[in-house]
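Residue-level structure breakdown
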Amino acid sequence: MKSLQDPALMKTQSYINGCWHSSSEHVAVSNPSDGHVIARVDNAGADEAVLAIVSAKAALPSWSAKSANERGALLLAWFDLIIAHQDDLALLLTLEQGKPLKEAKGEIAYGASFLQWFSEEGKRVYGDTIPAPSHDKRLVVIKQPVGVVASITPWNFPNAMIARKAAAALASGCTFVVRPAIETPLSALAMAELADRAGIPAGVFNVVIGDDAPGIGRVLTEHPDVAKFTFTGSTAVGKILLTQCASTVKKVSMELGGNAPFIVFDDADIDAAVQGAIASKFRNAGQTCVCSNRFLIQQGVAQQFTDKFVAAVAALKSGDGVADDVELGPLISANAVTNVDRLVQDSLAQGASLLLGGERNNDSNFYPATVLNNVTNEMPIAANEIFGPVAPIIEFETEAQAIALANDTEYGLAAYFYSRDIGRVWRVGEALEFGMVGINEGSISNAAAPFGGMKQSGNGREGSKYGLDDYLEIKYLCMGGLGD
Ligand code: ADP
């Protein structure tokens, strides 16, 4: 069994105002690979959420008064520590979440890259001067931090979903409270330990660990001292939280569910498409909001693509994430397995054909890599976010049909397509109603690019120069009385 080089990174208590908070109640954190309990964390609740908000509010004046350079230097120190402890952080992540160690290392580097990016980008919060409509006035726009930011994050990227939000919030001069998913608290707490070591002042970054998601969620969405709320998770929960935020008219950003089409046109490079399909479908065992959810393949290349794709999927090695060369870990829980299996069985009952996998092992959280064809866009597997290692194939004839099928969903997060025709690339790129489009590319997210969705996939953008806007207020100063 692999162990941590720095055992002090294994923290089990909420981190509030620079201190670790004990509680008389505990929650077990288990490894989804084998159900083994890896830690017991202290269970905080609504009271601790209030305390974290009060601490973040108290820390706000001095944090927002720092120069962008000073904040940037602290973010960079945090980045350096995360990279220095990448192996330990990845191991903790794999133990609590299940993804292969190689992917976990990638997630740590990806999350840290947002700290690095925003340590610089925070220096570029420019304002504006606007030509005035009369001689005696001058019009100026400045940008200021919104204030205390509260957030709720999911278990599928226990490090990066926090880093992506906290980096932009802290760089903007905001202070931050996060309630991570109870399945994966250890990655969040290890980040807090490193924030502490980096010298991020008490109260600027707070982590509240608790299993009462609705109770803590109410505080974070309704407390009057929270200026902005940011969420990553399902559309269903996002709608509840949005409604709660309405009571105090908070600024919100929502990264919600997706239903990504992956389109392969007749003129595509089929080998590249297969490679992109594997990357976009099976990362994190299919448990990401940007995972390909529907494979739309043009008739002329359907057989060729399907044969090559099934062979590549069959070669994926499944197992415990810490074992060598594993490419496919377990799903997060038995419930997750049940949901994925139900979608597969319903599709088969409605006429889909099974090309690979599809057989559940009742005793574990593992679900086999599965490929279905003869799927239609109306089947539940195409209409819902699968969140598992299942690839449904739908055939189409024309470009117009592909665009209509792709857009026929309430979601609008990521889409992918493969074509080598420059005219088609522009037409389809512009016609897809999705916030992010991978063109001849299955892996699209990085700190320099805006991550976010349209339609019911949410609002706001994370990463890139646009990512600061969600944490800044625009203030207009009108100076009058300047003479005739
Ligand atoms: P997922 O399918 O990724 O678990 P969820 O939307 O269910 O997506 O969960 C995302 C995050 O939201 C998790 O941290 C979860 O604990 C939290 N959550 C779920 N329901 C609520 C709720 N009613 N109020 C606040 N947080 C919630």
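A brief structural summary.

Cut-off values and rules
- Residues numbered from 1 in each chain as written.
- Predicted model: local features only at pLDDT ≥ 70, side-chain atom pairs only at ≥ 80, totals over all residues.
- Heavy atoms only, no water.
- Helix = DSSP H or I, 4+ residues; strand = E, 2+ residues; numbered from the N terminus.
- Pairing = 2+ DSSP bridges.
- Axes fitted to C-alpha atoms, helices over the stretch in contact; angles between N-to-C directions.
- Salt bridge = Lys/Arg side-chain N within 4 Å of Asp/Glu carboxyl O.
- Buried < 20%, exposed > 50% of the residue type's maximum accessible area, 1.4 Å probe, protein only.
- Core = buried A, V, L, I, M, F, W, Y, C linked by side-chain atoms within 4.5 Å.
- Domains from an automatic or database assignment.
- Contact = heavy atoms within 4.5 Å.
- Near = heavy atom within 4 Å.
- Polar contact = N/O pair within 3.5 Å; in protein donor to acceptor, adjacent residues only side chain to side chain.
- Nonpolar A, V, L, I, M, F, W, Y, C, P; charged D, E, K, R; others polar.
- Parallel < 35°, antiparallel > 145°, perpendicular 65-115°, else oblique.

1. Observations concerning unusual backbone geometry
One non-glycine residue, A285, lies in the positive phi region at around 55°. Structurally, A285 can be placed in the loop between α9 (270–282) and β13 (292–298). Despite not being glycine, K455 shows a phi value in the positive range, around 50°. Note that K455 resides in strand β20 (residues 454–455).

2. A word on the sheet that holds strand β22 (residues 472–479)
One key point about sheets: their strands pair by backbone hydrogen bonds, in either a parallel or an antiparallel sense. Judged by pairing direction, the sheet is antiparallel, and its three strands sit side by side in the order β5-β6-β22 without closing on themselves. Only two strands of the sheet have a single neighbouring strand rather than two, namely β5 (128–130) and β22. Each neighbouring strand pair of the sheet contributes to a mean axis angle of 25°, computed without reference to strand direction. Judged from the three bridges that link them, β5 and strand β6 (residues 138–145) form a sheet pairing that is antiparallel. By the bridge assignment for β6, D128 is matched with V141.

3. So, the pattern of salt bridges
By the definition in use, this model includes 16 salt bridges. Note that D87 is salt-bridged to K105, the shortest N-O span being 3.3 Å. One end of the pair, D87, is in helix α3 (residues 86–97); the other, K105, is in helix α4 (residues 101–121), with 18 residues separating them in the sequence. For R197, the salt bridge is made with E193, and the minimal N-O distance between the two is 2.8 Å. Placement of the pair is R197 and E193 together in helix α6 (residues 185–198), with a separation of four residues, close to one helical turn. Given a relative accessible area of 34%, R197 falls into the partly exposed group. Linked through salt bridges whose partners overlap, the residues forming this network are D6, K11, E193 and R197.

4. A short note on the nonpolar core
Counting residues in each nonpolar core, the largest one holds 129 residues, and the members touching the most others are W78, F305 and F309. Looking at this core, the element that brings in the most residues is helix α5 (residues 160–172), giving ten residues. Structurally, this core is a two-domain feature, drawing no fewer than three residues from each of domain 1 (7–256 + 457–476) and domain 2 (260–447). Ignoring sequence-local partners within four residues, the contact set of W78 consists of L115, L170, M191, L194, A195, A198, I200 and F205. Ranked by size, the runner-up nonpolar core spans 21 residues in total, among them A44, V148, L220 and V226.

5. Brief notes about the site of the ligand
The ligand sits among 15 residues. The nearest are T153, W155, R179, A213 and S234. Here an oxygen atom of the ligand and a side-chain polar atom of R179 are 2.7 Å apart. Elements that contribute at least two residues to the shell around the ligand include exactly α7 (213–222), β10 (228–232) and α8 (235–246). For the shell around the ligand, the leading source of residues is α7, giving three residues. Here the shell around the ligand is composed, by residue class, of nine nonpolar, five polar and one charged.

6. Details of the packing of α4 against α5
Geometry of a packed helix pair, given as the angle between the helix axes and the separation of the axes. The contact between α4 and α5 brings their axes to 8 Å, and the two run at 5°. Classified by the angle between their axes, α4 and α5 sit roughly parallel to one another. Touching E107, Y110, G111, F114, L115 and F118 of α4 are A160, A163, R164, A167, A168 and A171, all from α5. For the contact of α4 with α5, the per-class residue count stands at nine nonpolar, one polar and two charged.

Shape is all these values report; function is a separate question.
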